[in-house]
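Understanding the architecture of this molecule
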Amino acid sequence: MTLDDLKRIFLGPTLFRLDRILSPRLVPVLYLTGLGALLIWGVQHLFATFGSSFGNGLWGLLEIVVLGAFFLVVLRIVCEALLVFFKANEAATDEVSRNQVTSSLLEDVRDAIHEIADDEEDFDIDDIITPATVPAPDVEITPPRGPRRTARRTPGPRM
């Protein structure tokens, strides 16, 4: 995240519009702030423990390593969990918007079919379907060769 992104977030209309989620862009800022706070705590703890005595300072170094590593892992897990949560929210939002488009597309197709049917009401169905009294055209139909087979009842020819 660059300085221009931060300016755009805090000085632009993005902060006051609620149609976009702003939090995924702020998670890296939260992570950097946590790292900075962890670094400041480590330096302050180092000077405070060495200021009291040398033995406390050595224990303070051990505390900084152990607690610093623990809080670094916790900070990383929290930030990744936030990113996963926002990614899942984004995927769900996309799915809902796709379903809304699909339903409106179905409505559009249904309306188009009804419009076509309304436009062709003057069409005469007798032009398409010939009555049974009209003889069929003289076309020679050849029957298939060999025994007639049906599905799953008649076994195939033996060889």
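In this report, the structure presented in the accompanying data block is examined. On a predicted model such as this, the values are computed, not experimentally measured, just so you know. (Residues numbered from 1 in each chain as written. Predicted model: local features only at pLDDT ≥ 70, side-chain atom pairs only at ≥ 80, totals over all residues. Heavy atoms only, no water.)

All chains considered together, the criterion is met by one salt bridge. Ionic pairing is found between Glu80 and Arg76, a salt bridge with its closest N-O pair at 2.7 Å. With a gap of four residues between them, Glu80 and Arg76 both fall in helix H3 (residues 54-119), about one helical turn apart. A relative accessible area of 39% means that Glu80 is categorised as partly exposed. (Salt bridge = Lys/Arg side-chain N within 4 Å of Asp/Glu carboxyl O. Helix = DSSP H or I, 4+ residues; strand = E, 2+ residues; numbered from the N terminus. Buried < 20%, exposed > 50% of the residue type's maximum accessible area, 1.4 Å probe, protein only.)

A word on the packing of aromatic side chains. What the rule picks out here adds up to three aromatic pairs. Between Phe50 and Phe54 the ring centres are 5.9 Å apart and the planes differ by 50°, which places this aromatic pair in the tilted class. With a relative accessible area of 33%, Phe50 lands in the partly exposed category. Overall, Phe54 belongs to the exposed group, its relative accessible area being 59%. (Phe/Tyr/Trp six-rings, centres within 6.5 Å; stacked < 30°, edge-to-face > 60°.)

This part takes up a negative patch on the surface. A grouping of Glu107, Asp108, Asp111, Glu115 and Asp118 is seen on the molecular surface, where their side chains present a negatively charged patch. By secondary structure assignment, the location of Glu107 is in helix H3. (Patch = residues over 30% accessible without salt bridge, like charges linked within 9 Å, V, L, I, M, F, W, Y side chains within 5 Å. Areas by Shrake-Rupley, 256 points an atom, 1.4 Å probe, with all protein chains shown as cover. Lys, Arg positive; Asp, Glu negative; His and termini not counted. Charge placed at Lys NZ, Arg CZ, Asp CG, Glu CD.)

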